[in-house]
Amino acid sequence: MTTRILIADDQEDVRIGFRLILDSQPDMTVVGEAADGRGAVDLARHLRPDVVLADIRMPKLDGLEVTRLLAGQTRVIVVTTFDLDEYVHAALRNGACGFLLKRSGPTLLIEAIRAAMAGDTLISPQVTVRLLAHLRAPAAPSAPATALAEPLTERELEIARLVAHGRTNAEIAAELFIGAGTVKTHVANIQRKLGAANRVGIAAWAWSSGAVTGV
């Protein structure tokens, strides 16, 4: 099935850029654009897209209010320049299915839409690190990787730590001198072993188990 997407952003160049990225995907199509929050809500209710990409700072209604009004009717992913914790918390409380920074790049944007369609939530790695850092264990952990029914390999543990530090697959691949496809396979195996739905779950495990320390 093709995922139908509505883009809501007051900057025309951003809308054009997102449309070019998304329309190039075989399973995605942009069905509408809105330059303000009120227009986004009205269009979403008329067009019934599968996913709405909503900027936070827009005229008439901001992205947080757009999220609140549309949550339950469609999936909303907040995509913003502003890396502020209060925005993240408010967006998630209002029912957002994802929170991305515009600088995260096209790959993460596409992944976030596919995650939302799968009932998952994807948050920009840079934001995830801050949200999960408070879960760090206060004392030295006791072999966090071996506490699992199916332990992580040394390579998987290494990648889990990098995920917890907010690295993307491409950054992990470059740092470890392996292919991006190999990283993707490792991440999938880690999710399976941990029972984690997404990268946020991997990071949460890494911080809470003490597998990673420091930011």
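Note: the structure precedes this text.
These numbers come from a predicted model, not from an experiment.

Novice: How should the sheet that holds strand 6 (residues 122–123) be read in this particular structure?
Specialist: Backbone hydrogen bonds hold the strands of a sheet together, and the pairing may be parallel or antiparallel. Read from one edge of the open sheet, 6 strands run 2-1-3-4-5-6, paired in parallel fashion. Across the chains shown, the open sheet's two edge strands, defined by having one partner strand only, are strand 2 (28–34) and strand 6. In terms of strand pairing, strand 4 (residues 75–80) meets strand 5 (residues 98–101) through 4 bridges, oriented parallel. Pairing of Val78 across the sheet is with Phe99, part of strand 5. The sheet strands contacting helix 2 (residues 37–47) are strand 1 (3–8), strand 2 and strand 3 (51–54), and the helix crosses strand 2 at an angle near 135°. Across the face of the sheet, helix 5 (residues 106–117) comes into contact with strand 1, strand 2, strand 3, strand 4, strand 5 and strand 6 while running at roughly 160° to strand 4.

Novice: How should I be thinking about the environment of Leu194 in this particular structure?
Specialist: Here Leu194 shows up in helix 9 (residues 180–194). Leu194 sits 11 residues away from Trp205 along the chain, and the two C-alpha atoms are 7.8 Å apart. Beyond its immediate chain neighbours, meaning those up to four positions away, Leu194 contacts Leu148, Leu152, Ile202 and Trp205.

Novice: I tried to follow the pattern of salt bridges on my own but got confused; where do I start?
Specialist: Tallied over the full model, the rule gives 11 salt bridges. A salt bridge links Lys102 to Asp9; the shortest N-O distance between them is 2.8 Å. In this pair, Lys102 sits in the loop between strand 5 and helix 5 while Asp9 sits in the loop between strand 1 and helix 1 (12–23), placing the two residues 93 residues apart along the sequence. Put simply, Asp23 and Arg19 hold a salt bridge, and the shortest N to O gap is 3.5 Å. Of this pair, Asp23 and Arg19 both sit in helix 1, separated by 4 residues, roughly a single helical turn. Asp23 gets classed as partly exposed once you look at its relative accessible area, which sits at 35%. Classification of Arg19 as partly exposed rests on a relative accessible area of 27%. By sharing partners, the salt bridges in this structure join Arg15, Arg19, Asp23 and Glu33 into a single network.

Novice: Would you mind going over the side chain of Thr3 with me for this structure?
Specialist: Inspection of the secondary structure assignment puts Thr3 in strand 1. The buried category is assigned to Thr3, whose relative accessible area is 8%. Every residue in contact with Thr3, bar those within four places of it in the chain, is listed here: Asp27, Met28, Thr29, Asp50, Val51, Ile113 and Met117.

Novice: What should I look at first to understand the packing of helix 8 (residues 169–176) against helix 9 in this one?
Specialist: Each pair of packed helices can be summarised by the angle the axes make with each other and by the distance between the axes. Running from N to C, helix 8 and helix 9 point in directions that differ by 110°, and their axes come no closer than 8 Å. Here helix 8 lies roughly perpendicular to helix 9, going by the angle between them. Relative to helix 9, the crossing made by helix 8 is right-handed. Contacts between helix 8 and helix 9 involve Asn169, Ile172 and Ala173 on the former and, on the latter, Ala180, Val183, Lys184 and Val187. By residue class, the composition of the contact of helix 8 with helix 9 is 5 nonpolar, 1 polar and 1 charged.

Novice: Got a minute to help me understand the packing of helix 1 against helix 5 in this structure?
Specialist: Closest axis-to-axis distance for the helix 1/helix 5 pair is 10 Å, and the angle between their directions is 65°. Here helix 5 runs roughly perpendicular to helix 1, going by the angle between their axes. Of the two possible hands of crossing, helix 1 and helix 5 adopt the one that is right-handed. On the side of helix 1, the interface is formed by Phe18, Ile21 and Leu22, while helix 5 contributes Pro106, Leu109, Ile110 and Ile113. Taken together, the residues of the contact of helix 1 with helix 5 sort by class into 7 nonpolar, no polar and no charged.

Reading the values: the criteria
- Residues numbered from 1 in each chain as written.
- Predicted model: local features only at pLDDT ≥ 70, side-chain atom pairs only at ≥ 80, totals over all residues.
- Heavy atoms only, no water.
- Pairing = 2+ DSSP bridges.
- Helix = DSSP H or I, 4+ residues; strand = E, 2+ residues; numbered from the N terminus.
- Contact = heavy atoms within 4.5 Å.
- Axes fitted to C-alpha atoms, helices over the stretch in contact; angles between N-to-C directions.
- Salt bridge = Lys/Arg side-chain N within 4 Å of Asp/Glu carboxyl O.
- Buried < 20%, exposed > 50% of the residue type's maximum accessible area, 1.4 Å probe, protein only.
- Parallel < 35°, antiparallel > 145°, perpendicular 65-115°, else oblique.
- Left-handed = near helix turned anticlockwise from the far one by under 90°.
- Nonpolar A, V, L, I, M, F, W, Y, C, P; charged D, E, K, R; others polar.

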